[in-house]
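# Structural description and commentary
This is what each chain is made of:
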Amino acid sequence: MAKRAAEHFFTGDTVPYSSYDATKTMLGDLIKQYTGATSVDKFAGPMKIGIGRPMEAGVPIASAYPHVLKLSDDKYWIFLSENSTAAATRRIVMYEYVVSSSAFEWNGFITLTFPTATAHTIRGFRVARELYTTGTASVNGTTVTGVGTAWADSGLSVGCRIGFGSTDAAQISTWYEISSINSNTGITLTTDAGIIASGDYVIEDLSIAVSTTNATLTNGGVFLVKGLQPLAFAPGGTTIPAATTIDNIRAVYWLADAGTVTNTISCGLAIDEKDSWTQQYIYVIDGTTTTCRVYKYNIRAPLTSIASGKTTSGFVLVTGAQNPATVVTQINNGRIGTLNHGPGVGVKCLYFVTVSRVFRAELVNITSGNTTWQSDSMTENPPGGSTTYALTNALSSVEVSDTIDRLIVMSSGAAGVRSYVTRYQTSGEQFDHIFLAEDKQLDQNTADSDAVVHPSINASVFSAWVENGIGFLCRNGTAATLNQIYSLPIGAHWAYASGTFNQQLITPKMLTPNAISYSKLYVDSERMLGNGTLGMSLEPFRMYYRLNGIDDNTGSWVIIEDSGDLAYLVPSTEIQFMFEFRILGTTCIPARIYSLSLVYEDNTTDSHYQPSVAQSSTVGKTFAWRFSTAFGGTVPELRVRLYDAVTGSGPLVDDTTVSPAGVWEKSTDDGATWGAYNSNDKANDITYIRYTPLALADDIKVRALLTQN
């Protein structure tokens, strides 16, 4: 047998997993194939960690509480709320995030002017983006006329933007700001759009809800910002005025629960999906212990009786107080989601945390005056139990990741306090994963170029949002050293990579013609990013193979040991490999795979031997080989097959060293003397073996094949 190798370099054609093609490299949504000028730039693996630095942007603004909106497969908007010392105004920051490059691009910010000009601290923050496409619209200059539209009744706001020619916002290249909404069928633009015939259009309705606490308690509560669009988030900032008496304009509205606000101890804000253009609910947890209750508001309700920007027309109800026994945190706490497991399976619930528990409240139980609105809770229990990892008793917020059907539970950020990804269960089971670590690296712009960007705790609170499997983790610091936002491909973690999400790296099928045996799979991967002292290890990966069901993607995958040994396999004419990656670990830095090589033996002469004409004999019908390469141990059973070299027929003889019919011999002195064959390894460079068949006809041209059996 000759030793062969089948290689694959991650530089060729790729397709998304959804377009499976066994001749190309297949990538899950969060798996990328990168390229560049040098060999180390050409690799495949989970998307790189990205970083944004709010305190090092054009205008430094300490930021927290990411809310992420997906615009397309490659583009996201990230909004962050100001996290600096309480003040009469608060700023909201916007980034654009490009998935293919893991790049955060700072757009700018807006400044909120509250109807109450006393010191506000934002405790909850959510963004709503809805697209209105009903009917058709035509344009004449600045006048837009609708057919089958209900612009006024739908509560659309002045300051939002409209585009023409498509109902898909991603297809709009030119947007126009709305200066007034005159009726259900009449809109005025701020700039002349020319003449546009009646057809498809889209209005992008962008708003922000915040809940605050205030130095003057009754000046806090819920505030709604209407009439926004991306251009409002300018590099120099745009001031959003406090509302006065008019609804649906670009302004900040105070959604009070009463004439004198009682929603004064906000812990966070959770937003539900839009039910209609006049109904979308938010839920504000108020009170940290014995007074804990939930306030419910409708942020799409028509606002009436507005006085100095304040109105109660958005308030819906407040529950009674129910003590959660431990302290509810005030760090953007609360997230609405529907899990596909646990006691709340299939039920829309409000999830929130206290310092030591995760709580669940079914939305149907959040009713006026109800003192039993909390459904159940689970107590912190780290992987391995509290004797393996100490309890944090410092849970700070919870996020729902739909793609992996798990909760992301962040902790306070005290030194060494780690965070979790877990199922929701109430039976006392251990949480599924623990991640992030404390290594004190400061990921600011002035860091050493050898430092490798990654999320480290650094005794800081993290807040999180997960969108389409990408975790956006914001370190809520107030200085340039400790205020960063990271993107992390959480959905590509190997525990969740298979199934409907398919976050795997799959090679094209690799051909192994005439393979007699497989040897090993060798994978070339990055061992360390960065150099010297600042270098960082990457998270591990798993390898799998399959021999069947390759072309139609029906074959099952079998894991490969880290040694890469495949000698136990019965070889095939083709094989395929797949990789899964750990993300939720210590550094969270995804692995990078450069290439792989499968070494195998085919049905030509074994690579450990070379045919020897000098030691062979046509007269004696003896066939000899020099022992050229040691096995490194006992020689395996050998097999000789003799074929008619002219016709290819045969084998004329088929014999082995274990049950020989002919005669096997061995020489260790360059053929000077011959003795009985044995399975000892190569002795020296003048070691030979030879074989004489029991019987072989005369006058035949013979091809002799020596292989392992």
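See above for the structure.
Attention in this report is confined to the structure presented alongside it.

Rules used in this analysis
Residues numbered from 1 in each chain as written. Predicted model: local features only at pLDDT ≥ 70, side-chain atom pairs only at ≥ 80, totals over all residues. Heavy atoms only, no water. Helix = DSSP H or I, 4+ residues; strand = E, 2+ residues; numbered from the N terminus. Rg over C-alpha atoms; globule rule 2.2 N^0.38 Å. Contact = heavy atoms within 4.5 Å. Areas by Shrake-Rupley, 256 points an atom, 1.4 Å probe, with all protein chains shown as cover. Lys, Arg positive; Asp, Glu negative; His and termini not counted. Charge placed at Lys NZ, Arg CZ, Asp CG, Glu CD. Polar contact = N/O pair within 3.5 Å; in protein donor to acceptor, adjacent residues only side chain to side chain. Pairing = 2+ DSSP bridges. Axes fitted to C-alpha atoms, helices over the stretch in contact; angles between N-to-C directions. Core = buried A, V, L, I, M, F, W, Y, C linked by side-chain atoms within 4.5 Å. Buried < 20%, exposed > 50% of the residue type's maximum accessible area, 1.4 Å probe, protein only. Phe/Tyr/Trp six-rings, centres within 6.5 Å; stacked < 30°, edge-to-face > 60°. Salt bridge = Lys/Arg side-chain N within 4 Å of Asp/Glu carboxyl O. Disulfide = S-S within 2.5 Å.

## As for the overall build of the protein chain
The helix and strand tally for the protein chain stands at zero helices and 54 strands. Taken over C-alpha atoms, the radius of gyration comes to 34 Å for the protein chain, far larger than the 27 Å a tight globule of 709 residues would show. With the C-alpha coordinates of the protein chain rotated into their principal frame, the extents come out at 115 × 65 × 45 Å. When contacts within the protein chain are restricted to residue pairs at least 6 apart in sequence, long-range pairs at least 24 apart make up 63% of them. Of the accessible surface of the protein chain, which amounts to about 27100 Å², a share of 49% is contributed by carbon and sulfur atoms. Looking at the protein chain, you have 47 positive and 63 negative side-chain charges, and the mean spots of the two groups are 3 Å apart.

## Thoughts on the side chain of Arg 406
Relative to the helices and strands, Arg 406 resides in strand S32 (residues 406-411). There is a polar contact of 3.3 Å between the side chain of Arg 406 and the side chain of Tyr 496.

## Quick look at the sheet that holds strand S37 (residues 485-488)
Strand-to-strand pairing in sheets goes through backbone hydrogen bonds, with the strands running parallel or antiparallel. Strands sit in the order S6-S37-S36-S35 across an open sheet of four strands; the sheet is antiparallel. Strands at the two margins of the open sheet, each flanked by one partner only, are strand S6 (50-52) and strand S35 (462-467). Neighbour-to-neighbour, the strand axes of this sheet turn through a mean angle of 20 degrees, independent of strand direction. Relative to S37, strand S36 (residues 470-475) is paired through four bridges, and the arrangement is antiparallel. Within S37, the position partnered with Gly 471 by the bridge is Leu 488.

## What about the nonpolar core?
In terms of nonpolar packing, the biggest core is built from 73 residues, with Ile 78, Tyr 97, Phe 435, Leu 505, Tyr 518, Leu 566 and Phe 577 touching the most fellow members. Other than its neighbours up to four places away in sequence, Ile 78 contacts Pro 66, His 67, Val 68, Val 93, Met 94, Tyr 95, Tyr 97, Phe 104, Phe 472 and Ile 485. Counting residues in each nonpolar core, the second largest holds 27 residues, with Trp 77, Ala 232, Trp 254 and Ala 256 among its members.

## A word on unusual backbone geometry
Omega for the bond connecting Gly 650 with Pro 651 falls within 30 degrees of zero, at 10 degrees, which places this linkage in the cis form. Of note, the phi angle at Asn 468 is positive, near 55 degrees, even though the residue is not glycine. Counting through the fold element by element, Asn 468 comes out in the loop between S35 and S36. The backbone phi angle of Asp 670 is positive, close to 65 degrees, even though this residue is not glycine. By the secondary structure assignment, Asp 670 is in the loop between strand S51 (663-667) and strand S52 (675-676). Under the relative-accessibility criterion, Asp 670 is labelled partly exposed at 40%.

## Let's talk about the packing of aromatic side chains
Summed over the entire model, instances satisfying the criterion amount to 31 aromatic pairs. Each ring, one from Tyr 95 and one from Phe 104, has its centre 5.9 Å from the other, and the planes form 90 degrees; the classification is edge-to-face. Where Phe 627 meets Phe 631, the ring centres are 6.0 Å apart and the plane angle is 70 degrees; that geometry is what we call edge-to-face. Joined through ring pairs, the aromatic side chains of Tyr 76, Tyr 95, Tyr 97, Phe 104 and Phe 472 make up one cluster.

## Quick word on the side chain of Thr 264
Relative to the helices and strands, Thr 264 is located in the loop between strand S21 (251-255) and strand S22 (266-271). If we ignore the near neighbours within four places in the chain, the residues touching Thr 264 are Thr 213, Leu 217, Thr 218 and Asp 286.

## A closer look at the pairing of strand S19 (residues 221-228)
The element S19 is extensively covered by neighbouring structure, given that eight of its eight residues are classed as buried. Here strand S18 (residues 201-214) folds back onto S19 in antiparallel fashion, the turn holding six residues. Taken together, the five bridges between S19 and S21 define a ladder with antiparallel strand orientation. Looking across to S21, one finds that Val 222 is bridged to Leu 255.

## Side note on the pairing of strand S28 (residues 348-353)
The element S28 is extensively covered by neighbouring structure, given that five of its six residues are classed as buried. With four bridges joining them, strand S27 (residues 335-338) and S28 adopt antiparallel strand pairing. Bridge pairing in S28 places Arg 335 opposite Tyr 351. Linking S28 back to strand S29 (residues 357-362) in an antiparallel pair, the connection comprises three residues.

## Side note on the pattern of salt bridges
In this structure the tally under the stated criterion is 28 salt bridges. Notably, a salt bridge pairs Asp 21 with Lys 24, separated by 3.1 Å at the nearest N-O pair. Among the residues examined, Asp 21 registers a relative accessible area of 24% and is labelled partly exposed. Among the salt bridges present, the one from Glu 665 reaches Arg 690, with a minimum N-O distance of 2.8 Å. Taken as a pair, Glu 665 in strand S51 and Arg 690 in strand S53 (residues 688-692) lie far apart in primary sequence, 25 residues in all. We classify Glu 665 as buried; its relative accessible area is 18%.

## Regarding the sheet that holds strand S50 (residues 653-656)
The sheet built from three strands is open, its strands ordered S50-S49-S54 with antiparallel pairing. Because the sheet does not close on itself, it has two edges, and the strands there are S50 and strand S54 (702-708). Neighbour-to-neighbour, the strand axes of this sheet turn through a mean angle of 15 degrees, independent of strand direction. By the bridge criterion, four bridges tie strand S49 (residues 638-644) to S50 in an arrangement that is antiparallel. Considered in S50, the bridge of Arg 641 is made with Asp 654.

## Some remarks on the environment of Leu 391
Turning to its location among the elements, Leu 391 is positioned in the loop between strand S30 (376-379) and strand S31 (395-401). The spatial distance from the C-alpha of Leu 391 to the C-alpha of Thr 687 is 66 Å, given a sequence separation of 296 residues. Not counting the four nearest positions on each side in its chain, Leu 391 is found in contact with Glu 380, Asn 381, Pro 382 and Ser 386.

## Structural notes on the state of the cysteines
If you walk through the whole model with that rule in mind, you get zero disulfides. Free cysteine: Cys 474, not disulfide-bonded; nearest cysteine sulfur from Cys 588 at 16 Å.

## Quick word on the environment of Ala 243
Tracing the sequence through the fold places Ala 243 in the loop between strand S20 (238-240) and S21. Classification of Ala 243 by relative accessible area gives buried; the value is 5%. Separated by 359 residues in sequence, Ala 243 and Asp 602 have C-alpha atoms that sit 79 Å apart. Contacts of Ala 243, omitting those with residues within four sequence positions, involve Ala 251, Val 252, Tyr 253, Ser 308 and Gly 309.

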